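Residue-level structure breakdown
Chain by chain, the residues run as shown.
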Amino acid sequence: MKTMLLAVGGNSLIRAGEKGTIGEQRANAQRTAAQVVGLIRAGYRLVLTHGNGPQVGAELLRSERGASQVPGHPLDVCGASTQGEIGYLLQQSLHTELQQAGLHVSVTTVLTQSLVSREDPSMKHPTKPIGPFYSRADAEERHRLLGWEIVEDAARGYRRVVPSPDPIDIVEIEVIRDLVEQRVLVIACGGGGIPVVWKEGRLEGVEAVIDKDRASALLASRLGVDLFVISTDTDYVYLDHKKPTQHPLLRARAAELKEYAKAGHFPAGNMGPKIESVLRFLSHGGKQAIITSCENLCESVVGSGGPGSAGTHMFPDYDQVEIKLNKQSELPVGGC
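Here's a quick rundown of the structure. Quick caveat, the model's predicted, so the values are computed rather than measured.

**A few points about the pattern of salt bridges**
Taken as a whole, this structure holds 17 salt bridges when the rule is applied. Between Asp166 and Arg280 there is a salt bridge, and its shortest N-O distance comes to 3.1 Å. Here Asp166 is found in the loop between β7 (157-162) and β8 (169-170), whereas its partner Arg280 is found in helix α8 (residues 272-283), with 114 residues between them in sequence. Note that Arg222 and Asp169 form a salt bridge whose closest N and O atoms lie 3.4 Å from each other. Of this pair, Arg222 sits in helix α6 (residues 212-223) while Asp169 is found in strand β8, placing the two residues 53 residues apart along the sequence. For Asp169, a relative accessible area of 29% puts it in the partly exposed group. Counted as one network, the salt bridges with shared partners bring together Asp166, Arg214, Glu276 and Arg280.

Take a look at the structure:
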């Protein structure tokens, strides 16, 4: 069986226009689980990662508003809480879909810590907005009392910003690898993992947020998976995004992706981090990556109309003929 790391986008649990109730998230998790079961049928062993942006923002807000009655939680603990929350919803949905499909696959969530460096430049220059918007007076009070770094969003108010350092290792990597080898479907690195540093011989959580796709690329490389897939809210990566000349990118090599990135096709707040993560995976021995929507996962990986009939497929800098041969020879037998 071939291995795949699937990075599940935030829209897979909370879709545009939704409030993020548990009922909504459970229904969306079920939709994602159905696609995952199709990929298992196609012959893949899977590792799932996921985002947690809306959930961790809500957890922070609950913690802050309840601080007058119970102790509040720091950001790393809020991240750990949401890993468990989302892992539970995904596990339950996967168990249901697997049972209905007659597949006997064990599923587990690994509470994952991502190691970062105290010397990472972002630790001194936080830029990642988190949590709710505040008035100027409330923001200044939190800066004074809590030491928060605050930035202004001219249209909506003020928000807290925290560092977003690069993950350099996965603390639970050996556990995750052992589980994958035992054919367990593993959910790991939720929200990019809980950011931790080594301090005086012990691990310590830090007030930071790790990009989910960067952590996923690191985990995919460490595990040596055959395929790295990012599920997002678009069917393809697009060139000339939101311009009259916009068109989908169907296939690309790493060198081409770098040229497109230099030309400004992948904005930092949109596709930029995902392409960067794909390039990291490919540069560390990765064979293939795909970016597509949740609805098109099976079609992208297997393709009912032929190999790779949906999604953007990305490869290292092999010769084009070699890419084609590798693509055809590496497809597992079966279909979604």
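**Observations concerning the sheet that holds β7**
Hydrogen bonds between backbone groups are what pair the strands of a sheet, and the pairing can be parallel or antiparallel. Judged by pairing direction, the sheet is antiparallel, and its 3 strands sit side by side in the order β5-β7-β6 without closing on themselves. The outermost strands of the open sheet, each flanked by one partner alone, are β5 (128-134) and β6 (149-153). Taken pair by pair, the neighbouring strands of this sheet meet at an average axis angle of 35°, ignoring direction. Pairing geometry for β6 and β7, over 5 bridges, is antiparallel. By the bridge assignment, Val151 is partnered in β7 with Arg159. On top of the sheet, helix α4 (residues 136-146) reaches β5, β6 and β7; it is set at about 125° to β5, its chief contact.

**Points about unusual backbone geometry**
One non-glycine residue, Asp240, lies in the positive phi region at around 55°. Summarising the element assignment, Asp240 is placed in the loop between β13 (237-239) and β14 (247-249). We note that Lys242 has phi near 60°; this positive angle belongs to a residue other than glycine. Lys242 gets classed as exposed once you look at its relative accessible area, which sits at 70%.

**A look at the packing of aromatic side chains**
Taken as a whole and judged by the stated rule, the model has 3 aromatic pairs. With a centroid separation of 6.1 Å and an interplanar angle of 55°, the aromatic rings of Tyr134 and Trp148 are classed as tilted. Taken as a pair, Tyr134 in strand β5 and Trp148 in the loop between α4 and β6 lie far apart in primary sequence, 14 residues in all. Trp148 carries the same exposure label as Tyr134, and that label is buried. Aromatic pair Tyr236 and Tyr238: ring centres 6.4 Å apart, planes at 80°, arrangement edge-to-face.

Rules and cut-offs
Residues numbered from 1 in each chain as written. Predicted model: local features only at pLDDT ≥ 70, side-chain atom pairs only at ≥ 80, totals over all residues. Heavy atoms only, no water. Salt bridge = Lys/Arg side-chain N within 4 Å of Asp/Glu carboxyl O. Helix = DSSP H or I, 4+ residues; strand = E, 2+ residues; numbered from the N terminus. Buried < 20%, exposed > 50% of the residue type's maximum accessible area, 1.4 Å probe, protein only. Pairing = 2+ DSSP bridges. Axes fitted to C-alpha atoms, helices over the stretch in contact; angles between N-to-C directions. Contact = heavy atoms within 4.5 Å. Phe/Tyr/Trp six-rings, centres within 6.5 Å; stacked < 30°, edge-to-face > 60°.

As far as function goes, none of this settles anything; it's purely spatial.
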